[in-house]
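Observations on the three-dimensional arrangement
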Amino acid sequence: MKKEHEKETEKNAGKIFLEELIAGPPRNGSRWRQAWQVIAIPFLAVISGLILGGIIIVLTTEEVYAGFGQGIGPGLLASWKIISDSYSALFTGSIGNPAKIIAALQGSDSLAIRRAF
C-alpha cells in the first residue's frame with residue numbers, strides 16, 4: 001500500500017512539474033514586474049559571483065594578510081585595492097581599454113582600431 005502511494009506521489013509530482021513548465025510565469029502585474037521576473041535570476045547570479053569572487057581574491061592574497069597584520073584600516077585598504085585591480089583587469093581583458101578604443105576610433109586608423117580591440 002505504501003508503494004502505491006509513492007507511485008501516485010511521483011506521478012503527481014511529474015504532472016505538476018509539466019503543468020507549471022507549460023503554463024509559464026503568471027501574467028499578472030505591471031510590465032516592470034514582469035521584466036524584473038525575467039532578469040532577476042541572471043542579475044543576482046552575476047552580483048553573487050562578483051561578491052564570492054571578491055571574497056576568494058581577498059582570502060588568497062598575501063598583501064591582504066599583511067595589511068590586516070598592521071591593522072583593520074590597512075587591511076581593508078589592501079582588500080579594496082586588490083579587488084579593484086583584479087576586476088579592472090578582468091574588464092580590460094574582456095572588453096579592451098576604453099581609452100584606447102575611443103582614441104583609435106577618433107583617429108580612424110585601421111591598424112590602431114584592430115589593436116584597440
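1. Describing the overall build of the protein chain
- The helix and strand inventory of the protein chain stands at six helices and zero strands.
- Reading the secondary structure of the protein chain in the N-to-C direction produces α-α-α-α-α-α.
- Across the 117 residues that make up the protein chain, the buried fraction comes to 12%.
- Restricting the contact set of the protein chain to residue pairs at least 6 apart, pairs at least 24 apart contribute 21%.
- Per element, the accessible surface of the protein chain, about 10,000 Å² overall, is 67% carbon and sulfur.

2. Structural notes on the packing of helix 2 (residues 31-59) against helix 4 (residues 72-95)
- The interhelical angle for the contact between helix 2 and helix 4, taken along N-to-C directions, is 125°, at an axis separation of 10 Å. Classified by the angle their axes make, helix 2 and helix 4 are oblique. Regarding helix 2 and helix 4, the two cross each other, and that crossing is right-handed. Residues Gly-49, Leu-50, Gly-53, Gly-54, Ile-57 and Val-58 of helix 2 pack against Ser-79, Ile-82, Ile-83, Ser-86 and Tyr-87 of helix 4.
- Per-class residue counts for the contact of helix 2 with helix 4 are six nonpolar, five polar and no charged.

3. Some details on the pattern of salt bridges
- Considering all chains together, one arrives at one salt bridge under this definition.
- The salt bridge involving Lys-81 is made with Asp-85; its shortest N-O contact spans 2.9 Å. Of this pair, Lys-81 and Asp-85 both sit in helix 4, four residues apart, roughly one helical turn.

4. Section: the packing of aromatic side chains
- Enumeration according to the criterion identifies one aromatic pair in this entry.
- A centroid spacing of 6.1 Å and a plane angle of 65° characterise the contact between Trp-36 and Phe-43, whose relative ring orientation is edge-to-face.
- The class of Trp-36 is partly exposed, set by a relative accessible area of 43%.

5. Focus: helix 4
- Helix length check: helix 4, at 24 residues, gives a terminal C-alpha distance of 34 Å against a target of 34 Å (1.5 Å per residue), a fit within 8%.
- Gly-75, Ala-78 and Ser-79 are the residues of helix 4 that are buried.
- Against the buried residues of helix 4 lie helix 2 and helix 3 (62-70).
- Positive backbone phi, approximately 115°, marks Gly-96, located one or two places after helix 4.

Definitions and cut-offs
- Residues numbered from 1 in each chain as written.
- Predicted model: local features only at pLDDT ≥ 70, side-chain atom pairs only at ≥ 80, totals over all residues.
- Heavy atoms only, no water.
- Helix = DSSP H or I, 4+ residues; strand = E, 2+ residues; numbered from the N terminus.
- Buried < 20%, exposed > 50% of the residue type's maximum accessible area, 1.4 Å probe, protein only.
- Contact = heavy atoms within 4.5 Å.
- Areas by Shrake-Rupley, 256 points an atom, 1.4 Å probe, with all protein chains shown as cover.
- Axes fitted to C-alpha atoms, helices over the stretch in contact; angles between N-to-C directions.
- Parallel < 35°, antiparallel > 145°, perpendicular 65-115°, else oblique.
- Left-handed = near helix turned anticlockwise from the far one by under 90°.
- Nonpolar A, V, L, I, M, F, W, Y, C, P; charged D, E, K, R; others polar.
- Salt bridge = Lys/Arg side-chain N within 4 Å of Asp/Glu carboxyl O.
- Phe/Tyr/Trp six-rings, centres within 6.5 Å; stacked < 30°, edge-to-face > 60°.
- Expected span 1.5 Å × (residues − 1).

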